[in-house]
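Structural features, examined
Here's the letter readout for the chains.
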Amino acid sequence: MHNLSVAQISQGLSKGEFSSVEITQHFLDRIHQLDSSINAYITKLDESALAAAQQADKQIAAGQANPLTGIPFAHKDIFCAQGVKTTCGSRMLENFISPYDATVVANLKQAGAICLGKTNMDEFAMGSSTETSYFGKTMNPWDLETVPGGSSGGSAAAVAARLAPIATATDTGGSIRQPASLCGITGLKPTYGRVSRWGMIAFASSMDQAGPMGKSAEDCALLLQAMASFDSKDSTSIDHLVPDYSANLNAPLEGLRVGVPKEFFEQGLDPQIAAQVHNALAEYEKLGATLIDIELPNSKLAVPTYYVLAPAEASANLSRFDGVRYGHRCENPSDLMDMYCRSREEGFGEEVKRRIMIGTYVLSAGYYDAYFRKAQQVRRLIKNDFDRAFEKVDIIAGPTCPSTAFKFGAKTDNPVEMYLEDIYTISVNLAGLPGMSLPCGQIDVMPVGLQLIGKHFDESLILNAAHMFQQATDWHTLAPAFADNTSEANGGAS
Ligand code: GLN
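From a predicted model like this one, the values you see are computed outputs, not experimental measurements.

Looking now at the side chain of Glu263. Considering the arrangement of structural elements, one finds Glu263 in the loop between β7 (257–261) and α8 (271–286). The exposure class assigned to Glu263 is buried, which follows from its relative accessible area of 15%. Setting aside its immediate chain neighbours within four residues, Glu263 contacts Ile294, Glu295, Leu296, Pro297, Ser299 and Tyr424.

Another aspect to go through is the nonpolar core. In summary, soluble globular proteins display a tendency toward joint burial of nonpolar side chains. Residues Leu68, Phe124, Phe386, Leu452 and Leu463 are the most contacted members of the largest nonpolar core, which totals 153 residues. The element best represented in this core is helix α9 (residues 302–317), accounting for 9 residues.

Here the focus is a nonpolar patch on the surface. Taken together, the side chains of Tyr361, Tyr367 and Tyr371 make up a nonpolar region of the molecular surface, amounting to roughly 290 Å² of accessible area. Secondary-structure assignment places Tyr361 in helix α11 (residues 350–363). Under the relative-accessibility criterion, Tyr361 is labelled partly exposed at 39%.

Moving on, we come to the confidence of the model for the chain. Residue-level pLDDT values for the chain average 96, and 98% of them are 70 or greater. In this model, residues 486–494 is a region of pLDDT below 50 whose contacts with residues beyond four sequence positions or in other chains number 17 contacts.

So, on to the packing of aromatic side chains. Applying the stated criterion across every chain yields a total of 15 aromatic pairs. Geometrically, the ring pair formed by Phe264 and Tyr424 is tilted, given 5.3 Å between the ring centres and 40 degrees between the ring planes. Taken together, the residues span a long stretch of sequence, with Phe264 in the loop between β7 and α8 and Tyr424 in the loop between α13 (415–419) and α14 (426–430) at a distance of 160 residues. Given the relative accessible area of 4%, Tyr424 is considered buried. Note on Tyr361 and Tyr371: the rings are 5.9 Å apart at their centroids and 45 degrees apart in plane angle, and the pair reads as tilted. Pair noted here: Tyr361 is in helix α11 and Tyr371 is in helix α12 (residues 368–392), with a separation of 10 residues, a long-range link. Note on Tyr371: relative accessible area 35%, which makes it partly exposed. It is Lys137 that lies over the ring of Phe408; its NZ or CZ is 4.3 Å from the centre. The residue whose ring lies beneath Lys411 is Phe406, and the NZ or CZ to ring-centre distance is 4.5 Å.

This next bit is on the side chain of Ser155. Mapping Ser155 onto the fold places it in helix α5 (residues 153–160). Among the polar contacts made by the side chain of Ser155, one reaches the main-chain carbonyl oxygen of Thr168 at a distance of 2.8 Å. Those residues in contact with Ser155, other than ones at most four positions away along the chain, are Lys76, Thr119, Asn120, Ala167, Thr168 and Met213.

One can describe the packing of helix α4 (residues 103–110) onto helix α7 (residues 217–227) by two numbers: an axis separation of 8 Å at closest approach and a directional angle of 110 degrees. On the basis of the axis angle, α4 is roughly perpendicular to α7. Contacts from Val104, Asn107 and Leu108 in α4 reach Leu223, Ala226 and Met227 in α7. Here the contact of α4 with α7 is built from residues that sort into 5 nonpolar, 1 polar and no charged.

The final tally for this structure, using the stated rule, is 19 salt bridges. Notably, a salt bridge pairs Arg257 with Asp394, separated by 3.0 Å at the nearest N-O pair. Of this pair, Arg257 sits in strand β7 while Asp394 is found in the loop between α12 and β9 (395–399), placing the two residues 137 residues apart along the sequence. The buried category is assigned to Asp394, whose relative accessible area is 17%.

As a further point, take α8. Helix length check: α8, at 16 residues, gives a terminal C-alpha distance of 23 Å against a target of 22 Å (1.5 Å per residue), a fit within 8%. Of all the residues in α8, the buried ones are Ile273, Ala274, Gln276, Val277, Ala280, Leu281, Glu283 and Tyr284. As for α8, its buried residues are in contact with β7, β8 (290–294), β9, β10 (435–443), β11 (446–453) and α15 (459–472). The backbone nitrogen of Gln272 has a side-chain oxygen 2.8 Å away, supplied by the residue at the start of α8, namely Asp270.

Between α8 and α15, the least distance of the axes is 10 Å, while the angle of their chain directions is 95 degrees. One element, α8, and the other, α15, form an angle in the roughly perpendicular class. From α8, Ala280, Glu283 and Tyr284 reach across to α15, where they touch Ala465, Ala466, Phe469 and Ala472. A class-by-class count of the residues in the contact of α8 with α15 yields 6 nonpolar, no polar and 1 charged.

Calculation criteria
- Residues numbered from 1 in each chain as written.
- Predicted model: local features only at pLDDT ≥ 70, side-chain atom pairs only at ≥ 80, totals over all residues.
- Heavy atoms only, no water.
- Helix = DSSP H or I, 4+ residues; strand = E, 2+ residues; numbered from the N terminus.
- Buried < 20%, exposed > 50% of the residue type's maximum accessible area, 1.4 Å probe, protein only.
- Contact = heavy atoms within 4.5 Å.
- Core = buried A, V, L, I, M, F, W, Y, C linked by side-chain atoms within 4.5 Å.
- Patch = residues over 30% accessible without salt bridge, like charges linked within 9 Å, V, L, I, M, F, W, Y side chains within 5 Å.
- Areas by Shrake-Rupley, 256 points an atom, 1.4 Å probe, with all protein chains shown as cover.
- Salt bridge = Lys/Arg side-chain N within 4 Å of Asp/Glu carboxyl O.
- pLDDT = per-residue confidence, 0-100.
- Phe/Tyr/Trp six-rings, centres within 6.5 Å; stacked < 30°, edge-to-face > 60°.
- Lys NZ or Arg CZ within 6 Å of the ring centre and 35° of its normal.
- Polar contact = N/O pair within 3.5 Å; in protein donor to acceptor, adjacent residues only side chain to side chain.
- Axes fitted to C-alpha atoms, helices over the stretch in contact; angles between N-to-C directions.
- Parallel < 35°, antiparallel > 145°, perpendicular 65-115°, else oblique.
- Nonpolar A, V, L, I, M, F, W, Y, C, P; charged D, E, K, R; others polar.
- Expected span 1.5 Å × (residues − 1).

Printed below as a string of structure tokens:
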């Protein structure tokens, strides 16, 4: 049951082959049995999930089902959910019970989906390995000694281990695509402004964007459908029609112009990954697409630009955690200043403090022009590169990550090496474009991801391109042996 696609679950529910309560219980049982080895979940929501599943069964019986009615899923623990612990992976919010629902949470409730629990993540979404979580690291189901990627490592691992059919996630610099790549699943970061950020705990507000994770592009299309909406409560939400993301999945790719950026294949990329990505590109040619060499000359500046802008925004966003209104407060403060300082000292982990220090520095008088303003200017150059490329091509394709999943601790002592994990994903956030990652190969059983990048609001096209690839190959059907996929675990594909 845990290998079914969303459409298959939905069909099973409507035909009465099983109830929402049964499939929800099935996933909850798996979580209780297996999650001690993965640590994908911070909070398990058995009681509310089963109550919601009962409601869903009534709705289905009454013939009022939506595509997600009764479908279990997991939320990244960055989304505020009313009455539910919402930690953002931080000690600062260890005991925070949200008084309201994020728009994404409200949208999924409205759609009738069943939330199994809240997933683990790097603290305040800062990281690429889920090792910075206050709640312990998450294991990659393909090899329990390696990281699942981050910051949405809990959501990615949950889907890969078949502890949830689909999950929400967020991506500020790569946090949907990189863990999707490392865990062998499909994930989509939508256009900036497509999904409401209201109630999603802010990291770098000009780049944060929520999106779906699933086993396939088809599942991601269904989840995105429910997540996306215009929201007047988010001033950066864009009032742009939400198309039917499932409608064009099967459109032929004949004549599709696929841009291949030469900068994405230069030094730093594992040659075995380059080979797998080239195989995937050849598959696109077979599907009728044309490959076109393009250049994104400023993409090499994306990581340094991001690591000025994202910490700057984070330092401002995280100033609200002062121990006064909510969040961690230190014991017995001697005065107000002591309370502020010790609450933040105790509540935040090392990486979060590093970002606050960098951000405060680059925004301070005397350095603002040299760093922050300069980075904003480079951000524009990076966006201009994409605009120029998209005059010649319809989508851009390349690797998602420079390597497959790495061992725990391999990059924790060297922040810059960790930051380079996002070398191919970050420019997409700086430009506000939609991007996705889908499995396109394996190296020694570890998954490799292919990244597809689209024009603003071209989610339908990249989903279509991903779906057609998944119709022609079966990388996305492979599950880790851990998930006990009897048919195809660890097999070859294509
Ligand atoms: N790895 C990047 C960072 O640490 C991106 C994180 C994200 O997308 N949330 O900032």
